[in-house]
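One-letter residues, chain by chain:
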Amino acid sequence: MKSRRNIYFFHASNSEMQNKVKRLAELAKQHSYEIVQNFTEANIIVSIGDDGTFLQAVRKTGFRDDCLYAGISTTGNLNMYCDFHLEDTDKMIDAMTREQIEVRKYPTIDIQLDGQPSFFALNELSIRTSITKTFIMDIFIDQLHFETFRGDGIIIATPTGSTAYNKSVNGAVVDPLLPCFQVSELASINNNTYRTLGSSFILSGDKTLNVHLEQNGPSYPIIGMDNEALSISHVEKIQVRLSGKVIKTVKLKDNSFWEKVKRTFL
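The rules behind each value
- Residues numbered from 1 in each chain as written.
- Predicted model: local features only at pLDDT ≥ 70, side-chain atom pairs only at ≥ 80, totals over all residues.
- Heavy atoms only, no water.
- Salt bridge = Lys/Arg side-chain N within 4 Å of Asp/Glu carboxyl O.
- Helix = DSSP H or I, 4+ residues; strand = E, 2+ residues; numbered from the N terminus.
- Buried < 20%, exposed > 50% of the residue type's maximum accessible area, 1.4 Å probe, protein only.
- Contact = heavy atoms within 4.5 Å.
- Polar contact = N/O pair within 3.5 Å; in protein donor to acceptor, adjacent residues only side chain to side chain.
- Disulfide = S-S within 2.5 Å.

Q: What is the right way to look at the pattern of salt bridges in this model?
A: Any two side chains of opposite charge can pair, on the condition that their charged atoms come close. For the structure on display, the rule yields 6 salt bridges. Its salt-bridge partner being Arg64, residue Asp66 comes within 2.9 Å of it at the nearest N-O pair. Put simply, Lys207 and Asp142 hold a salt bridge, and the shortest N to O gap is 3.6 Å. Placement of the pair is Lys207 in the loop between strand S13 (201-204) and strand S14 (208-213) and Asp142 in the loop between strand S9 (135-141) and strand S10 (144-151), with a sequence separation of 65 residues. Residue class for Lys207 comes out partly exposed when judged on its relative accessible area of 30%.

Q: Is there a simple way to explain the environment of Ser204 in this structure?
A: Considering the arrangement of structural elements, one finds Ser204 in strand S13. Judged by its relative accessible area of 35%, Ser204 falls in the partly exposed class. Taking C-alpha positions, Ser204 is 9.3 Å from Arg241, a pair spaced 37 residues apart along the chain. When residues no more than four places from it in sequence are discounted, the contact partners of Ser204 are Pro179, Cys180 and Phe181. Here the side chain of Ser204 touches Asp206 through a polar contact of 2.5 Å, side chain to side chain.

Q: Looking at this model, I keep getting lost on the side chain of Asn255. Mind explaining?
A: Relative to the elements of secondary structure, Asn255 occurs in the loop between strand S17 (237-252) and helix H5 (257-265). Given a relative accessible area of 5%, Asn255 falls into the buried group. Separated by 2.8 Å, the side chains of Asn255 and Asp83 make a polar contact. If we ignore the near neighbours within four places in the chain, the residues touching Asn255 are Asp83, Arg104, Lys260 and Arg263.

Q: How do you make sense of helix H2 (residues 51-60) when you look at a structure like this?
A: The α-helix winds at 3.6 residues per turn, so residues separated by three or four positions along the chain end up facing the same way. Of all the 10 residues making up H2, 8 are buried; the element is thus mostly covered by neighbouring parts of the structure. Its side-chain oxygen placed 3.1 Å from the backbone nitrogen of Gly52, Asp50 serves as the N-cap of H2. Trailing H2 by a residue or two, Gly62 shows a phi angle of about 85°, which is positive.

Q: Help me understand the state of the cysteines in this model?
A: For the structure shown, the criterion picks out 0 disulfides. With no disulfide of its own, Cys67 lies 16 Å from the sulfur of Cys82, the closest cysteine sulfur. Cys67 sits in the buried class, given a relative accessible area of 0%.

Q: What exactly am I supposed to notice about the side chain of Ser184 here?
A: Examined against the element boundaries, Ser184 turns out to sit in strand S12 (residues 180-186). When its relative accessible area of 0% is taken as the criterion, Ser184 is described as buried. At 2.6 Å, the side chain of Ser184 and the side chain of Ser200 are in polar contact.

Now the structure itself:
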């Protein structure tokens, strides 16, 4: 942290939050940090809110892999991306001054829609039908036609995203030290015509997943990236692979990924 001194705060713009951030900014200045108003000038980006705020902070600041992200919770609970409570300033000071902070690297996925420029996601990509009708997708792993899916959709999750939407459909929780991504089904139909694996599967970082959507199906699938939905019609092909971008986050020495999982779910 000694070489990182420029902090940008990402938060809601209401007056109550502004007052709380002002106190944090004063605290940071007391310890020789500089507060910047433009995230491009920062080498530390601090999200203040909840996990959704953290995901927005990463997206709105361009998935920067040349800076450090930190999450501060305002909900009273520490979540997967929030290592500090807003009111626990003593712990923040102790972490900064006693070098209790390590860097954790989270992988992201690279998403291309019909060959257009890439989007990125830290948690997951979800492809869902937007109407009360199933749709059909051909799933390819690299060039191998793996299965033809019919159902409500699929979730393609990073290791950190494995504890979110993916877990709710019985996907596996994956250690983020593993460079991989996971595919989970949403209400697949298995019969004599359509047959899928019926369980989540995990692909290594050198694999590419290609999804071809049947063009006679729903024209407006809901394509969600982390906690945002894209309004895109007539998508034919979606390509997903592990990107070269990693999100560097604060890791307290007593707060590993599996300690977070235990605290959140057990």
